[in-house]
Amino acid sequence: MREYTEFAKLYDVFMDNVDYKKWAEYLTARLWDYGIKDGLILELGCGTGTLTELLSRAGYDMIGVDNSEEMLAEAREKQMGSGLDILYLLQDMQEFELYGTVRAVISACDSLNYILEEDELLQVFRLVNNYLDPGGLFLFDMNTIYKYQQILGEGTIAENRDEGSFIWENFYEEKSRINTYDLTLFVPREDGLYEKYEEVHDQRAYSLETITSLLEKAGLKVLAVYDEYTLDPPGAECGRYTIIAREQEKLRRLSK
């Protein structure tokens, strides 16, 4: 079963531990730091659109891209009656297409860790660079090797709620740096019984050196690397990088 099908219906329930409001405030502050106070913003891997909506309410014209039809269905349902004008596109981030450039691209909640090959991640970075305005920003997060090795790897997470239950088993393979999530869902039916669903999610851990090298190959200049939505430098036990990069080629041509 492919990722985020049945899980899409329960995604917001089980992700209520993520402080999306704090993330939105952080991203907005960093955008303001670089003079981006309005305009078009693209979110890659937007999922059910929680962060997309918060940034829309902050005054940005939002585009959300995701390759899960089910996740986008949840996003569009939440958008109904909200008064927000968000464009959601069903596209793979390795092949996404826009009609023009945007002032910034964001990607949160380790969406980029789903890219399993370096050349594929480089392709995503090149597309981001291509669709950024001159000097536009790329703000994203990625889970670290430490997180997969020491926090998630070989661990099991389970939750039981009225809306449903899940068992999330993790298996980290050191050589390939691939973390496999075996997700089992139990969704209640109207007759009181439960429907069982299974999904398999694969993510890859990348070193910071590899990430920055690929960004540079794609034509993006790394401006800052922080520890998970703070202004602190990443330490040895950093679980999630927050990275800011800038488009530079178009900007350089304009400045000549």
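Structure report, in brief. From a predicted model like this one, the values you see are computed outputs, not experimental measurements.

Basis of the calculations
Residues numbered from 1 in each chain as written. Predicted model: local features only at pLDDT ≥ 70, side-chain atom pairs only at ≥ 80, totals over all residues. Heavy atoms only, no water. Helix = DSSP H or I, 4+ residues; strand = E, 2+ residues; numbered from the N terminus. Rg over C-alpha atoms; globule rule 2.2 N^0.38 Å. Buried < 20%, exposed > 50% of the residue type's maximum accessible area, 1.4 Å probe, protein only. Contact = heavy atoms within 4.5 Å. Areas by Shrake-Rupley, 256 points an atom, 1.4 Å probe, with all protein chains shown as cover. Lys, Arg positive; Asp, Glu negative; His and termini not counted. Charge placed at Lys NZ, Arg CZ, Asp CG, Glu CD. Pairing = 2+ DSSP bridges. Axes fitted to C-alpha atoms, helices over the stretch in contact; angles between N-to-C directions. Salt bridge = Lys/Arg side-chain N within 4 Å of Asp/Glu carboxyl O. Core = buried A, V, L, I, M, F, W, Y, C linked by side-chain atoms within 4.5 Å.

**Quick notes on the overall build of the chain**
A count of helices and strands for the chain gives eight helices and 11 strands. What you see for the chain is a C-alpha radius of gyration of 18 Å, in line with the 18 Å of a compact globule of 256 residues. Projected onto its principal axes, the C-alpha coordinates of the chain cover approximately 70 × 45 × 30 Å. Taking all 256 residues of the chain together, the buried fraction comes to 51%. Intrachain contacts of the chain at a sequence separation of at least 6 include 66% that bridge at least 24 residues. A total accessible area of about 12500 Å² is found for the chain, and carbon and sulfur atoms account for 46% of it. Of the side chains in the chain, 26 bear a positive and 49 a negative charge, and the two mean positions are spaced by 8 Å.

**Some points on the sheet that holds strand E6 (residues 156-161)**
On the basis of which strands lie adjacent, the open sheet formed by four strands has the order E6-E7-E8-E9 and antiparallel pairing. What marks the edges here is a single partner per strand, and that holds for E6 and strand E9 (194-204). Neighbour to neighbour, the strand axes of the sheet diverge by 10° on average, direction disregarded.

**Here we look at the pattern of salt bridges**
Applying the stated criterion to the full structure yields seven salt bridges. Note that Lys-196 and Glu-198 form a salt bridge whose closest N and O atoms lie 3.8 Å from each other. Taking the relative accessible area as the measure of exposure, Lys-196 reaches 51% and is therefore exposed. A residue is classified by how much of its surface remains accessible, and Glu-198, at 46% relative accessible area, is partly exposed. Through salt bridges with shared partners, a single network forms among Asp-110, Asp-141, Glu-228 and Arg-240.

**Things to note about the nonpolar core**
Grouped together as the largest cluster of nonpolar side chains are 34 residues, with contacts concentrated most on Phe-125 and Phe-138. Secondary-structure elements contributing two or more residues to this core are strand E1 (40-44), strand E2 (61-66), strand E4 (102-107), helix H5 (118-130), strand E5 (132-143), helix H7 (208-217), strand E10 (220-227) and strand E11 (240-247). Sorting elements by how many residues they give to this core places H5 first, with six residues. Formed by 30 residues, the second largest nonpolar core is a distinct cluster that contains Val-18, Tyr-20, Leu-31 and Leu-137.

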